[in-house]
Amino acid sequence: MKRFLLLCTVLGVSLYIQAQPNFGDDGDTSWKKVYRGSYPKTNDLVHTKLDVKFDYAKSYLYGKEWLTLQPHFYPTDSVLLDAKGMDIKEISIIKGTAKTALKYTYDGLQVNIKLDRLYTAQEKYTLYFDYISKPNEVKVAGSMAISDAKGLYFINPLGDDKKKPIQIWTQGETESNSVWMFTIDKPNQKTTEEITMTVPAKYVTLSNGLKISEKKNADGTRTDYWKMDLPHSPYLFFMGVGEFDVTKDSYKGKEVSYYTEKNQTKYARQVFGNTPEMIKFFSEKLGVDYPWAKYSQIVGRDYVSGAMENTTATLHGEGAYQNSRQLADGNGWEETIAHELFHQWFGDYVTAESWSNITVNESFANYSEYLWNEYKYGKDAADEHNYRDMMGYIGSHSEDKDLVRYYYEDKEDVFDAVSYNKGGRILHMLRNYVGDDAFFKSLNNYLTTNKFKNGEAAQLRLAFEETTGKDLQWFWNQWYYGAGHPKLTISYNYNIAGMPGVAEVVVQQTQNGQLFTLPIAVDVYEAGKKERYDVTLSNKSDTFYFKVNGTPDFINVDADKVLLAEKTDNKTEANYIAQWNNAKNYLDRREALEFFAKKNMPEIAKGLYDKYAPLRNFTLQRIVNTPYKSDKVVLEQIEKMAKTETNTLTKAAAINYLIKIGDAKYLPIYQAAINDSSYSVAGAALKGIAALDADGAYTIAKKHLADAKGSLNTEAKNALYAKGNEGDFELLASDYSEGPASFAKVSSTGKFAEYLAKLNDTQKIKTGVDFIIAFRNSIPAERRSRIDPSIKSALEKISKAKGGEIEQYIQANFK
């Protein structure tokens, strides 16, 4: 699952994340003594057969199920199944063509069934269930990755919202598919499956495996039969229903398909079209060809997370939808596509045996984003991703959490920046330590040894040890079974008394908690030439001596820039200049640029010419706060970038830089860029025009708002808010009221309020106020504290400006 802990911009999810309780602070720490191992296996799932129909009016599922199980080892005469919130009509055991009713007890979450006799591990038995699933009546909390957990979702089932399609989709992780089917809803169970879905004939269905047949019924419905011959875990079962177009690609004769709403079909290949190449790349890298019968991706409305790796049928949130102008800035969903695809190996083919070991699912999926960037877009892009994710983990302040976490209050807690970001960085360090060939051979070993079964961190270690011949328990102990990360202070001495020709490097570990063993490379540069040394940090303070001919240009500790660590590196200005000139990794250059900016050094301008566009962009963000922001040569280069830069986000940044300069001579640049295919560039251009010609910006904004997203949408609204009149109300009010609940909407609320304060039409003002209050009230009460100050401030602007009837109206309606 691709979480939105650090990436999500949807207000409801983001606020939900922020509102998560800080477990342990409520005084109840008893969970710290509860060991969370793998779920005991008394019975094993063998095969699941489902026949389901949907009641859109009630948001019910009417189900019949045939579930085949067998005792795991010990004989048993009972079975405990997960079944949340079911209305159970019948539970029987199948004997040939006969059914025999069984006794059971049910607490609303699990059903304990007394079998007709004692069964041994060599005997299979099949149970039959007739039931109704009522997902909207099930109350189960979500997680930092999943904002809800009712398993089965009816989206706009009655069609009341004419701007939203009618859809059904399921979300199983962690243990929510048992809302709509009887199962042992644990990751260490695996089962084959068959599903028949009866739906209105106009709808398309998607499930795991292959669609074997479809049958039209006399009542205007159609029954689709899906079959999955290979075993997978219950949380990976999936059903999707709706009016979708299906765009088809292929990989080695296997279907690769993209299910999108009809108005998004023309963009489907632009968004998802790299998938066959991804499958080929991952298959070859892992030495395990894509193991499943097909690979489909579907986009669901109102999805509760980022995306989910249901076996052969990944579900994406609607953030995947992008038009050509958005895609001009790069496919913002591509890393998610790679992440979920990699799960088809790490998560689906081999599945974490318990949520405590979720690292063998999510850390790998996270690291796949690095691998794809490295392959497709180059090492700089991959290293930028690595740095961004490392800082995401560090910013989460999770130093007290082990990667493999056998103690937690709730299973949902493990879906965090430790399991994702930190775990991915740990794999990157491991790859660097053992080498590329050994790393991918070890992954192949792990996958082939445990295929269609379960894995955990210890099995991963054994696969690496068997492949490399190295003992790696020390690595697993500190990174997988330990918490925190190194905090390093690096000092240099090039003039040691009595030791000519020797350079000293001292590295101190200043973190609290465990000391780390860190094998790293150190590069010593003299006269532009590099000498590499392999050293290991392991103590509170480690001192290393290197032979030099004089004062070295600089010494690069962690020369491959792979450490998951916070570093205080006491290099000199001359050292950083040499680092910029000689060390070529993304982070080498970024560190140098950060230093140049901090020290107000003219070398900061060098970043404007860097080969990697995001570092040029980074330089623009930093140089504006230095004395060189108005330097003639600097401005000439930025002006050139604003005209000819090929990377749209960097071009937009260059235009935004010129806007801050405030010179009217740049107006032709803005005017030339207003029709750029990129929303980011066009948005920056409109902002520039507005700064110099508000009336002209107003005219342009009216033309562009209907087809504006991202920054162009923001700037068009700003221009209309600034110069708008009564005649613009319908346009602006509609845009505001229909806009998604996002932080951008919080920001625009104040400007919308300023616009309302200029109006004279009392009814329009009241309608606008209603929209602001409706937005606020759409956020659950427990999540409103972060937006209420902004909402209150916006409404106060209107009250102060209009007084009287409007002030009373706001007081009466804003509670």
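See the structure printed just above.
Cut-off values and rules
- Residues numbered from 1 in each chain as written.
- Predicted model: local features only at pLDDT ≥ 70, side-chain atom pairs only at ≥ 80, totals over all residues.
- Heavy atoms only, no water.
- Helix = DSSP H or I, 4+ residues; strand = E, 2+ residues; numbered from the N terminus.
- Rg over C-alpha atoms; globule rule 2.2 N^0.38 Å.
- Contact = heavy atoms within 4.5 Å.
- Lys, Arg positive; Asp, Glu negative; His and termini not counted.
- Charge placed at Lys NZ, Arg CZ, Asp CG, Glu CD.
- Phe/Tyr/Trp six-rings, centres within 6.5 Å; stacked < 30°, edge-to-face > 60°.
- Buried < 20%, exposed > 50% of the residue type's maximum accessible area, 1.4 Å probe, protein only.
- Pairing = 2+ DSSP bridges.
- Axes fitted to C-alpha atoms, helices over the stretch in contact; angles between N-to-C directions.
- Salt bridge = Lys/Arg side-chain N within 4 Å of Asp/Glu carboxyl O.
- 1 Å grid on protein atoms, 1.4 Å probe; cavity = no way out; pocket = protein on both sides within 12 Å on 5 of 7 lines; lining within 4 Å.
- Points joined across faces, edges and corners; volume = space filled by probe spheres on them.
- Nonpolar A, V, L, I, M, F, W, Y, C, P; charged D, E, K, R; others polar.
- Core = buried A, V, L, I, M, F, W, Y, C linked by side-chain atoms within 4.5 Å.

1. Let's talk about the overall build of the chain
Each helix and strand counted, the chain has 25 helices and 29 strands in total. Rg of the C-alpha trace for the chain: 29 Å, near the compact-globule value of 28 Å for 815 residues, within the 12% margin. The principal-axis extent of the C-alpha atoms belonging to the chain is close to 90 × 80 × 55 Å. Counting only contacts in the chain whose residues sit at least 6 apart along the sequence, the fraction spanning at least 24 positions is 68%. Charged side chains of the chain number 102 positive and 106 negative; the gap between the two group centres comes to 2 Å.

2. A closer look at the packing of aromatic side chains
Under the criterion given, the structure shown has 50 aromatic pairs. Measuring from centroid to centroid gives 6.2 Å for Phe54 and Phe154, while their planes differ by 75 degrees, and the two rings are edge-to-face. Within this pair, whereas Phe54 is found in strand β1 (residues 43–55), its partner Phe154 is found in strand β9 (residues 152–155), the two being separated by 100 residues in sequence. Each member of the pair, Phe54 as well as Phe154, carries the same accessibility label: buried. Residues Trp476 and Tyr480 carry aromatic rings whose centres are separated by 4.8 Å and whose planes lie at 10 degrees to one another, so their mutual orientation is stacked. Note on Trp476: relative accessible area 0%, which makes it buried.

3. Remarks on the pairing of strand β20 (residues 313–317)
In terms of burial, β20 is a largely internal element, five of the five residues being buried. With five bridges connecting them, strand β18 (residues 294–300) and β20 associate as parallel partners. By the bridge assignment, Val299 is partnered in β20 with His316. In this structure, strand β19 (residues 307–308) lies alongside β20, joined through two bridges in antiparallel fashion. Along β20, the bridge assignment pairs Ala307 with His316. Connecting β19 to the antiparallel partner β20 that follows it, the hairpin turn spans four residues, and Thr312 within it adopts a positive phi of roughly 65 degrees.

4. Looking at the sheet that holds strand β14 (residues 221–232)
Read from one edge to the other, the open sheet built from eight strands follows the order β5-β4-β8-β2-β1-β11-β14-β13, with strand pairing classed as mixed. The open sheet terminates on both sides in strands that have one partner only, identified here as β5 (98–101) and β13 (210–216). Direction aside, neighbouring strands of the sheet carry axes that sit 20 degrees apart on average. Pairing between strand β4 (residues 86–95) and β5: four bridges, direction antiparallel. Bridging across to β5, Ile93 finds its partner in Thr100.

5. So, the sheet that holds strand β12 (residues 204–207)
Taken together, four strands build an open sheet; the order of strands is β9-β10-β15-β12 and the sheet is antiparallel. The open sheet has two free edges, formed respectively by β9 and β12, since each of these has just one partner strand. On average, each strand axis in the sheet is inclined to that of its neighbour by 10 degrees, with strand direction left out of account. Summarising the sheet, β9 and strand β10 (residues 167–170) pair through four bridges and their orientation is antiparallel. Paired with Tyr153 across the strands is Trp169, a residue of β10.

6. Let's talk about the environment of Glu594
Checked against the element boundaries, Glu594 lands in helix α13 (residues 586–598). On the accessibility criterion, Glu594 (29% relative accessible area) is partly exposed. Ignoring sequence-local partners within four residues, the contact set of Glu594 consists of Tyr387, Phe618 and Arg622.

7. Let's talk about the pattern of salt bridges
On inspection of all chains with the given rule, the structure shows 52 salt bridges. In this structure, Lys280 engages Glu284 in a salt bridge whose closest nitrogen and oxygen atoms are separated by 2.9 Å. Placement of the pair is Lys280 and Glu284 together in helix α3 (residues 275–286), with a separation of four residues, close to one helical turn. Lys280 gets classed as partly exposed once you look at its relative accessible area, which sits at 42%.

8. Notes on empty space enclosed by the protein
Here the idea is plain: a probe the size of a water molecule rolls over the atoms and shows the empty space left. For the structure on display, the rule yields four cavities of 30 Å³ or more. Size it by volume and the largest cavity reaches roughly 90 Å³. In this structure, the largest cavity is lined by 13 residues; those nearest its centre are Met429, Tyr433, Phe475, Pro519 and Leu563. When residues of the lining of the largest cavity are traced back to their parent elements, those giving at least two are α8 (418–434), α11 (473–479) and β25 (518–526). Taken together, the residues of the lining of the largest cavity break down into 10 nonpolar, three polar and no charged.

9. Topic: the side chain of Thr489
On the secondary structure map, Thr489 appears in strand β23 (residues 487–493). Classification of Thr489 by relative accessible area gives buried; the value is 19%. Discounting chain neighbours no more than four positions away, the residues touching Thr489 are Val506, Val507, Gln508, Thr510, Thr568 and Asn570.

10. Some details on the nonpolar core
Counting 166 residues, the largest nonpolar core has Phe282, Tyr480, Tyr670 and Ile798 as its most contacted members. The contacts of Tyr480, once residues within four sequence positions are left out, are Thr359, Asp402, Leu403, Val404, Ile426, Leu427, Ala457, Leu460 and Phe475. Grouped together as the second largest cluster of nonpolar side chains are 61 residues, Leu127, Phe154, Val199 and Leu236 included.

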